[in-house]
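Inside the fold
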Amino acid sequence: MPLRVRARYSCHRIASGYRRHELSGGGVDRSVEAVGLPHTTSTAFRALAPQGHVTIIGMMPPGADIPVPGRLLRHGRTLTGTVMGSVRTLADIPRYTALLQNRQLRAEPLVTSVLPLKQTDEALQRGQARHGARTLISF
């Protein structure tokens with residue numbers, strides 16, 4: 001059965017239990033953590049309704065632990081991760097490129113910064129330092 005998005009909330013809007021339940025009516029069925037930080041992952045997990053599921057696509061820092069309240073596991077909440085967003089590089093990257101070129105996919109809202117090709121080393125350093133993880137290289 002396909003999922004439908006009924007509402008979108010940022011982790012900042014759902015950080016408190018009261019606010020989370022006020023916005024979502026008791027928690028959300030699905031949550032996606034795309035930042036890659038333990039506290040945002042914990043917040044995404046706390047936002048779940050019973051039987052809810054969170055998927056982590058953000059890359060956690062090496063050695064990071066995610067605090068998960070044990071009491072929330074009693075009602076079937078689950079947490080899983082992905083490897084590189086489970087992308088199939090050879091199939092998906094050309095498809096994404098075509099969607100971008102045909103203006104069917106907008107990348108601008110995802111881009112944190114744009115650097116010229118000659119600053120690729122700087123872009124990689126930013127990514128390793130966990131700053132500008134979605135840097136676009138222009139050439």
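Here the structure is a predicted model, which means the values were calculated and not measured.

1. Describing the overall build of the protein
- Scanning the protein from terminus to terminus reveals four helices and five strands.
- Reading the protein from its N terminus to its C terminus gives the helix and strand order α-β-α-β-β-α-β-α-β.
- Within the protein, buried positions represent 21% of all 139 residues.
- Taking all contacts inside the protein whose residues are at least 6 apart in sequence as the whole, residues at least 24 apart take part in 46%.
- Accessible surface for the protein amounts to roughly 10,300 Å². Of this, 57% is attributable to carbon and sulfur atoms.

2. Looking at helix H3 (residues 89–101)
- Between its first and last C-alpha atoms H3 spans 18 Å; for 13 residues at 1.5 Å apiece the expected length is 18 Å, and the two agree.
- Arg103 occupies a position one or two residues after H3 and carries a positive phi of about 60°.

3. A closer look at the environment of Gln119
- Mapping Gln119 onto the fold places it in the loop between strand E4 (113–116) and helix H4 (120–128).
- Judged by its relative accessible area of 27%, Gln119 falls in the partly exposed class.

Conventions used here
- Residues numbered from 1 in each chain as written.
- Predicted model: local features only at pLDDT ≥ 70, side-chain atom pairs only at ≥ 80, totals over all residues.
- Heavy atoms only, no water.
- Helix = DSSP H or I, 4+ residues; strand = E, 2+ residues; numbered from the N terminus.
- Buried < 20%, exposed > 50% of the residue type's maximum accessible area, 1.4 Å probe, protein only.
- Contact = heavy atoms within 4.5 Å.
- Areas by Shrake-Rupley, 256 points an atom, 1.4 Å probe, with all protein chains shown as cover.
- Expected span 1.5 Å × (residues − 1).

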